[in-house]
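The lines below spell out each chain.
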Amino acid sequence: MDSTQVNKGMAAILVAGIAYFLSGWIGATLVHDIKPEHEVLKIEGAAPATATSAPEKAEPLPPIAPLLAKADVVAGESTAKKLCVSCHTFNDGGKAGVGPNLYGAVGSARGHMEGFNYSAAIKGKPGNWSYDDLNAWLAKPAAFAPGTRMAAFAGIKSAEQRADVIAYLRTLSKTPVPLP
Ligand code: HEC
């Protein structure tokens, strides 16, 4: 090995060392370890979170009737079996889960399942499950009945999909409520 090769080797090591040092220094200069001045996440109560997000007010939705008229029951059933089965059963006489059995819910009084422990939000909202109520409920349960235990379900954004699901729920009855 002649001396130029040794020198090249030394130079390579030196350059590597400098590069290592420099990258560390640049990294430390660019990325500061900044601590937030105040907590970003406040856990107590849900108020601060809702203050920044969209208002909780239930916006009146357009009537669901036109969409119900062309709703797809089969699509509604498959959506319901994806989104609702974790909490609901649909068969006649089915057991309650996290939520009540939904057979015969369309058109009946709110809190229709005998023996199910409904929240005050549902018990305090008298009336029957009309098609438009169901539409608003499925769009955003927490807005339709603030304090409901179905609030864990965020809702179905698409009006078409809601119509399909409602059309399917309608079939869960010996005497389905006539379409509007
Ligand atoms: C995270 C669980 C959960 C999911 C998912 C869920 N629900 Fe519910 N649902 C509930 C609970 C709990 C109640 C009772 C609400 C209360 O008492 O406040 C309820 C109540 C209802 C009611 C009122 C029934 C009555 O007897 O008054 C309807 C209708 C309903 N759900 C439909 C649906 C549909 C349709 C879906 C799917 C698109 C769905 N839910 C998804 C938990 C859920």
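Up top is the structure these notes are about.
Bear in mind the structure is a predicted one, so any value in this text is a computation, not a measurement.

## Thoughts on the packing of aromatic side chains
Here's step 1: Tallied over the full model, the rule gives five aromatic pairs.
Here's step 2: Here F90 and Y168 contribute two aromatic rings whose centre-to-centre distance is 5.5 Å and whose plane-to-plane angle is 65 degrees, an arrangement assigned as edge-to-face. Of this pair, F90 sits in the loop between α4 (73-83) and α5 (120-123) while Y168 sits in helix α8 (residues 159-171), and the two are 78 residues apart along the sequence.
Here's step 3: Residue classification places F90 among the buried residues on the basis of a relative accessible area of 7%.
Here's step 4: An aromatic cluster is present here, built from W129, W137 and F144 joined pairwise through their rings.
Here's step 5: Sitting above the plane of the W129 ring, R110 keeps its charged end 4.8 Å from the centroid.
Here's step 6: Directly above the aromatic system of F144 lies the positively charged group of K125, at a separation of 4.5 Å from the ring centroid.

## Here's the deal with the site of the ligand
Here's step 1: Taken together, 29 residues sit near the ligand, with C84, C87, H88, S119 and M150 positioned nearest.
Here's step 2: Here H88 contributes a side-chain N or O atom positioned 2.7 Å from a nitrogen atom of the ligand.
Here's step 3: The backbone of G111 places a nitrogen or oxygen atom 2.7 Å from an oxygen atom of the ligand.
Here's step 4: When each cavity is represented as a set of grid points, the ligand is found to reside in the largest pocket.
Here's step 5: Of all the secondary structure elements, the ones that give two or more residues to the shell around the ligand are α6 (131-139) and α8.
Here's step 6: At three residues, α6 tops the list of elements feeding residues into the shell around the ligand.
Here's step 7: Counted by class, the shell around the ligand contains 20 nonpolar, seven polar and two charged residues.

Parameters and conventions
Residues numbered from 1 in each chain as written. Predicted model: local features only at pLDDT ≥ 70, side-chain atom pairs only at ≥ 80, totals over all residues. Heavy atoms only, no water. Phe/Tyr/Trp six-rings, centres within 6.5 Å; stacked < 30°, edge-to-face > 60°. Helix = DSSP H or I, 4+ residues; strand = E, 2+ residues; numbered from the N terminus. Buried < 20%, exposed > 50% of the residue type's maximum accessible area, 1.4 Å probe, protein only. Lys NZ or Arg CZ within 6 Å of the ring centre and 35° of its normal. Near = heavy atom within 4 Å. Polar contact = N/O pair within 3.5 Å; in protein donor to acceptor, adjacent residues only side chain to side chain. 1 Å grid on protein atoms, 1.4 Å probe; cavity = no way out; pocket = protein on both sides within 12 Å on 5 of 7 lines; lining within 4 Å. Sits in = over half its atoms within 2 Å of the grid points. Nonpolar A, V, L, I, M, F, W, Y, C, P; charged D, E, K, R; others polar.

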